[in-house]
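Working through the structure, step by step
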Amino acid sequence: MTNPALEQTIDKILNQTEEGILSNIKSALNDSYQTLDDAVPRLEQEYDKILADGKKEADKIEKQIIGSSDLEARNKQLMALEQSVDRVFSQALDQIAETDRSGNYSDLIKSLLDESTKILGTSEVVVFTNSKDRDAVQSALPNYPGSELSPKTIDCLGGVRIQSKDGTMTFDNTIDARIERLKPLIRKEIAAKFGVTN
Amino acid sequence: MSAKGGGVQYSKIAEIKGPLVVVDDVENAAFDELVEVETKDGERRLGKVLEVGNGKAIVQVFEGTTGLSISGTNAKFVGKVMEMPVSREVLGRVFDGLGRPKDGLPDPIADKFVDINGEPMNPEQREYPKDFIQTGVSVIDGLMTLVRGQKLPIFSGSGMSHNLLAAQIARQASVVGTDDDFAVVFAAIGVQYSEAEYFRRSLEESGALKRSVLFLNTADDPAIERIITPRVALTVAEYLAFELGIHVLVVITDMTNYAEALREISAAREEVPGRKGYPGYLYTDLSTLYERAGKLNGKKGSVTQVPILSMPSDDITHPIPDLTGYITEGQIVVGRDLFRQGVYPPINILMSLSRLMKDGIGEGSTREDHSEISNQVYDAYSRAQEVRALAGIVGKAGLTEIDLRYLELGDTFEKEFLSQATDENRTIEETLTLMWKIVSKLPKNEITKIKDRYVEQYYKEE
């Protein structure tokens, strides 16, 4: 036997529950939409940040790669240039060593002796030279009173090394020493001939 | 300057005393003249004339006098002062403390040879520094901004992370908003081998070596070489800046080792010692280095200096930081407490200051709100420190709501703004955004140093 009042009450409760559930679902749906909407800008921010960080990292790596390969290329170029300069130098030195000692060569020896005795402030010196230049030096020495030619020869391309008689002062005016003094400038000139300018 | 009669070799050595060699019967030597000292075994060392007179010359040997003896040692007076070969080609190169190649490559082909003692800048020609240099380190860019032509030292202590910071600045520094060339000259004085290697590797791996020149004088190199290292570095910097128009940042670490070398020579010369045994002319000597920073009228480039010095016993009144502070335009102080907490870079902002910052920031340089937000951050962090001290006594429970906000601000400042990874390069925009994030920890009514329009634009209450 049915009880209409009870059934009515049950229906009412069911309806209310259903409405409540539906309303909750609707509100949950709205909340979800809201959360989703709120998340979009945050997501966009995150997305932008990840992109920016990635770009930064990529730029960094690009800089590293370009920087190191540029340097590597430059260093190889420097080494190649240095080798060429050295080759020019050694050829030039060979030519100087084979210079003909006749003609104006004695003038060169005289100017080297002039300069050296002036720098030491005395002509009372012992002069050292190589075997090839001995004759030229010997013939120039009478112009320098008190000077004498050492019986010992030195290993050099040419020119003279003079020493005060007490042995405390020495001036090296050999061609080797002069080249050594001017080497940085000569390197620059040779590099310029190769088309390398700073 | 060149000495008359240069190139003469003298063999009468009267005395060898510490790093000094006294040569007898010398004629025509000149002050500061370069000398080649040749040992009995034919080894050559460089030196310079410190004093001449009465037929004697006192020569300071850069590579030390170990192994030299009175007999058999010769001193050749070269007839010119010490010069550094300079050209654009020095960029990307690594040299030792005397300017000789250390990277296995040949000597650079010189454009010219420049006296390492430099030419003093004509004060009339100096241009006031006012252009921003971005280091990528937030605390420096935001609160103690470096400007082109400034000298801004870093005061640190032994064992702290100043060398990491120096390398980071060298890697990251740049000029923004312009296409002008930028270069870094890095001089390491008396550093450990591992540190020297770190500097070299760090610049190589970041690709910054291409625009850098490194001068490395390691701890086991003769101390006397340290006198020369900053001078050759600054000579190259001046050439790059004033001849080639490049903006050059010179990072020199560690100036304390330089001053120690100066003391060693002074003691060997038996000069009357000044404070802590340093020579009485320490101030003058330091100024000959620091004053080589600047900008010149009509010249495009600039020389900016960041010398780093470690304060013995963290004592800021020690003669080296004390005298440095008189000459330079502010200081960045590395704090021991922050270092112990593991903060990097551990910069104590309350003791730090860039005196030229005000002219290098703002609209057109960084951003219009920079000056005000910087003042507000200083003020707020200072208050946070007071609140921390108070909390140490009364406990957090005894603090007011606003005190707690300041406390939180202090923590955020150290964790998010001050702390930075060693390879993190922040733009000035990122730095300023972080500064606003710090300030936004406070309620609006606590923000008293910033114009309302900036507050409206940048403040984001959390």
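Above: the structure in question.
Treat the numbers as computed from the prediction; the structure is a model and nothing was measured.

Comments concerning the sheet that holds strand E1 (residues 8-10) of chain B
Taken together, the 11 strands give an open sheet; going across it, the order is E2(A)-E1(A)-E3(A)-E4(A)-E1(B)-E7(B)-E4(B)-E5(B)-E6(B)-E3(B)-E2(B), and neighbouring strands pair in mixed fashion. Of all strands in the sheet, those with a lone pairing partner are strand E2 (148-153) of chain A together with strand E2 (13-17) of chain B, marking the two edges. Averaged over all neighbouring strand pairs, the angle between strand axes comes to 30 degrees, with direction disregarded. Relative to strand E7 (residues 74-81) of chain B, strand E4 (residues 33-38) of chain B runs antiparallel, the two sharing 5 bridges. Looking at the pairing, Glu 36 of chain B lines up with Lys 76 of chain B of E7 of chain B.

Structural notes on the packing of helix H4 (residues 225-243) of chain B against helix H5 (residues 255-268) of chain B
Residue and element names in this part refer to chain B. Look at H4 against H5: their axes get within 8 Å of each other, and the N-to-C directions meet at 130 degrees. When the axis of H4 is compared with that of H5, the two are oblique. Where H4 crosses over H5, the two elements pack in a sense that is left-handed. Residue-level inspection shows Arg 226, Ile 227, Pro 230 and Arg 231 of H4 in contact with H5, the latter providing Asn 257, Tyr 258, Ala 261, Leu 262 and Ile 265.

Section: the pattern of salt bridges
Residues and elements named next belong to chain B. Inspection of every chain in the model, using the stated rule, returns 48 salt bridges over all chains. Note that Arg 126 and Glu 291 form a salt bridge whose closest N and O atoms lie 3.3 Å from each other. Residue Arg 126 is located in the loop between strand E10 (112-115) and strand E11 (132-133), and its partner Glu 291 is located in the loop between helix H6 (282-290) and strand E17 (294-295); the two are separated by 165 residues in the primary sequence. According to the relative accessible area criterion, Arg 126 is partly exposed, its value standing at 26%.

Quick notes on the interface of chain A and chain B
With 27 residues of chain A at the interface, the matching set in chain B holds 32 residues. For the pair chain A and chain B, the two sides together bury roughly 2500 Å², of which 57% comes from carbon and sulfur. Between chain A and chain B we count 3 salt bridges in total. Across the pair Asp 70 of chain A and Lys 210 of chain B runs a salt bridge whose closest N-O atoms are separated by 2.8 Å. In this structure, the connection of chain A to chain B is made through 11 residue pairs in polar contact (both at pLDDT 80 or more). Contributions of two or more residues to the side of chain A that touches chain B are made by helix H1 (4-97), helix H2 (105-120), strand E4 (169-174) and helix H4 (175-193) of chain A. Counting residues per element, the side of chain A that touches chain B draws most heavily on H1 of chain A, which supplies 14 residues. With 3 bridges connecting them, E4 of chain A and E1 of chain B associate as antiparallel partners.

Remarks on H1 of chain A
Three or four residues apart is the spacing at which side chains of an α-helix point the same way, because the helix has 3.6 residues per turn. Residue and element names in this part refer to chain A. Counted at 1.5 Å a residue, the expected span for H1 with its 94 residues is 140 Å, and the 134 Å between its end C-alpha atoms agrees. Along H1, the largest kink reaches about 30 degrees and is centred on Val 40; proline Pro 41 follows within four residues of it. Restricting attention to buried positions, one finds in H1 the residues Gly 67, Leu 71, Arg 74, Leu 78, Leu 81, Glu 82, Val 85, Phe 89 and Ala 97. Each element contacted by the buried residues of H1 is listed here: H4. For H1, the capping residue at the N-terminal end is Asn 3, with a side-chain oxygen 3.1 Å from the backbone nitrogen of Ala 5.

Here we look at the packing of aromatic side chains
Residues and elements named next belong to chain B. For the coordinates displayed, the defined rule picks out 8 aromatic pairs over all chains. Aromatic side chains Tyr 10 and Phe 77 sit 5.4 Å apart centroid to centroid with 90 degrees between the ring planes, which places their arrangement in the edge-to-face category. Separated by 67 residues along the polypeptide, Tyr 10 in strand E1 and Phe 77 in strand E7 bring together distant segments of the chain. Across this residue pair, the class does not change: Tyr 10 and Phe 77 are buried. A ring pair is formed by Phe 95 and Phe 215, whose centres lie 5.3 Å apart and whose planes are at 20 degrees; its orientation type is stacked. With Phe 95 in strand E9 (residues 94-96) and Phe 215 in strand E15 (residues 212-218), the pair connects residues that are 120 residues apart, well separated along the chain. For Phe 95, a relative accessible area of 0% translates into the label buried. Relative accessible area serves as the criterion here: at 0%, Phe 215 is assigned to the buried category. Here the aromatic cluster, defined as three or more aromatic residues joined through ring pairs, consists of Phe 186, Tyr 198 and Phe 199.

Thresholds applied
- Residues numbered from 1 in each chain as written.
- Chains lettered and ligands numbered in written order.
- Predicted model: local features only at pLDDT ≥ 70, side-chain atom pairs only at ≥ 80, totals over all residues.
- Heavy atoms only, no water.
- Pairing = 2+ DSSP bridges.
- Helix = DSSP H or I, 4+ residues; strand = E, 2+ residues; numbered from the N terminus.
- Axes fitted to C-alpha atoms, helices over the stretch in contact; angles between N-to-C directions.
- Parallel < 35°, antiparallel > 145°, perpendicular 65-115°, else oblique.
- Left-handed = near helix turned anticlockwise from the far one by under 90°.
- Contact = heavy atoms within 4.5 Å.
- Salt bridge = Lys/Arg side-chain N within 4 Å of Asp/Glu carboxyl O.
- Buried < 20%, exposed > 50% of the residue type's maximum accessible area, 1.4 Å probe, protein only.
- Buried area = accessible area lost by both parts, 1.4 Å probe.
- Polar contact = N/O pair within 3.5 Å; in protein donor to acceptor, adjacent residues only side chain to side chain.
- Expected span 1.5 Å × (residues − 1).
- Bend = angle between axes of the 7 residues up to and from the residue.
- Phe/Tyr/Trp six-rings, centres within 6.5 Å; stacked < 30°, edge-to-face > 60°.

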